[in-house]
Amino acid sequence: MALSNSQYDAIMRIYNQRQFQNKYQQDKRVKEIYRHLPQIRQIDDAISTQAVACGKRLLDGDHKAMEVLKRHLEDLREQKTVLLEANGYSPDYMELRYHCPDCQDTGYINGKKCRCFKREEISLLYAQSNIKEVLERENFSAFTFDYYDNREVIPQIGMTVADYMKQVYGWCREYVEGFKEKGGNLIFTGSTGVGKTFLTNCIAKELIDRYQSVIYLSSNDLFDIFSKNKFHYDTEEEMQDMYQHILECDLLIIDDLGTELNNAFVSSQLFYCVNQRLIRKKGTIISTNLSMDMLRDTYSDRISSRIVSQYSIIPLYGGDIRTKKR
């Protein structure tokens, strides 16, 4: 997904601030040099005077003026370099300095995003995902099958939990690989601690690293935002942007669906969110402790129908991994 206007503006503000800071620091260095080495100011004044004189001569038809100017400027700049180095300064001490010399802190090179812009883009996407720190710990690199039982066969699936989770792991990898072209929706079901949230975090990190916008919200936080937007409890532009981002981001993760206090408003907003994202062809991942029957009973047939028909349902099995880790 292309950056939204507010996301793009946020990144460009970073570059504008850098450019302002670069100029401020350069001005400080120039003042320092002029104070300690007044001869340098005289040389700079001479360079400016020569340039103005050259312009006048060119207007008067003197075509050799530019060649003369180039020789004079080379001489003056050499004098300047010698003075700076003799007093312990680098030749470029008075020049602008950039965080990124490639794009000179503009974010673009020949109309294309610089690699530093892409780094800022990923940084912003991580920050807005709501789980930046968590993803440093919970990702595919940290995933292990050690906590899944490899002995007892689970009747519902006809294999051990460990073998089944290897399949689930593969499905999640396939989802990531095909996401940009196909998108898609997942719902992880299962009891507490079987790895639902960990898997969604693995997927989230992979997609953010591929410049996809991801936002993670617990069900309580999701409906809190919907409530504030609906009833105007919070009219700040940032909250309104968040509401739109929930509907438009490449991947929305709704964690622990079913733990919120359910009512008619929650059910209607859940249907609206799920339905709007299907219409917009945006990916959604839901994790819940509820079975599909419980999901239908808790919300509505409309919601369960959308999920059954449009989501890949992935039940997880096993004991509480958090307890095993302790």
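Residues numbered from 1 in each chain as written. Predicted model: local features only at pLDDT ≥ 70, side-chain atom pairs only at ≥ 80, totals over all residues. Heavy atoms only, no water.

J.: Lay out the packing of helix H10 (residues 264-279) against helix H12 (residues 301-310) with the relevant residues and their values.
T.: Where H10 contacts H12, the axes come no closer than 9 Å and their chain directions differ by 30 degrees. Of the possible angle classes, the one that applies to H10 and H12 is roughly parallel. The two elements H10 and H12 meet at a crossing, and its hand is left-handed. Across the interface between the two elements, Ser267, Leu270, Phe271, Val274, Asn275 and Leu278 of H10 pack against Arg302, Ile303, Arg306 and Gln310 of H12. Among the residues making up the contact of H10 with H12, the classes are represented as 5 nonpolar, 3 polar and 2 charged. (Axes fitted to C-alpha atoms, helices over the stretch in contact; angles between N-to-C directions. Helix = DSSP H or I, 4+ residues; strand = E, 2+ residues; numbered from the N terminus. Parallel < 35°, antiparallel > 145°, perpendicular 65-115°, else oblique. Left-handed = near helix turned anticlockwise from the far one by under 90°. Contact = heavy atoms within 4.5 Å. Nonpolar A, V, L, I, M, F, W, Y, C, P; charged D, E, K, R; others polar.)

J.: How would you explain the nonpolar core if you had to name every residue and give the values?
T.: One broad trend across soluble globular proteins is that nonpolar side chains are buried collectively. By size, the foremost hydrophobic cluster in this structure holds 39 residues, and its most contacted members are Met165, Val168, Phe188, Ile203 and Leu251. Going through the elements one at a time, helix H4 (115-129), helix H6 (161-182), strand E5 (185-189), helix H7 (196-208), strand E6 (214-218) and strand E7 (251-257) are the ones with two or more residues in this core. With 10 residues, H6 is the largest single contributor of residues to this core. Residues contacting isoleucine 203, with those up to four places away along its chain left out, are Phe140, Cys172, Tyr175, Val176, Leu186, Phe188, Leu251 and Ile285. In terms of nonpolar packing, the next biggest core, distinct from the first, is built from 29 residues, Phe223, Phe271, Leu290 and Met292 among them. (Core = buried A, V, L, I, M, F, W, Y, C linked by side-chain atoms within 4.5 Å. Buried < 20%, exposed > 50% of the residue type's maximum accessible area, 1.4 Å probe, protein only.)

J.: Please give an account of the side chain of threonine 160 that cites residues and values.
T.: Tracing the backbone shows threonine 160 in strand E4 (residues 159-160). Within the structure, the side chain of threonine 160 is placed 3.1 Å from the backbone nitrogen of aspartate 163, a separation counted as a polar contact. Filtering out sequence-adjacent residues up to four positions away, threonine 160 remains in contact with Asp149, Asn150, Arg151, Glu152 and Val153. (Polar contact = N/O pair within 3.5 Å; in protein donor to acceptor, adjacent residues only side chain to side chain.)

J.: Mind laying out the pattern of salt bridges, listing which residues take part and the relevant values?
T.: Oppositely charged side chains can form a pair if their charged atoms are brought close together. All chains considered together, the criterion is met by 15 salt bridges. For glutamate 177, the salt bridge identified is with arginine 210, shortest N-O distance 2.8 Å. Here the residue glutamate 177 occupies a position in helix H6, and arginine 210 occupies one in the loop between H7 and E6, the gap between them amounting to 33 residues. Owing to a relative accessible area of 49%, glutamate 177 belongs among the partly exposed residues under this scheme. With a closest N to O distance of 4.0 Å, aspartate 250 and lysine 282 form a salt bridge. Of this pair, aspartate 250 sits in the loop between helix H9 (237-248) and E7 while lysine 282 sits in the loop between H10 and strand E8 (283-288), and the two are 32 residues apart along the sequence. You can call aspartate 250 buried: its relative accessible area is 6%. Classification of lysine 282 as partly exposed rests on a relative accessible area of 22%. Each of the salt bridges in this network shares a partner with another, and the network as a whole consists of Arg173, Glu177, Glu206 and Arg210. (Salt bridge = Lys/Arg side-chain N within 4 Å of Asp/Glu carboxyl O.)

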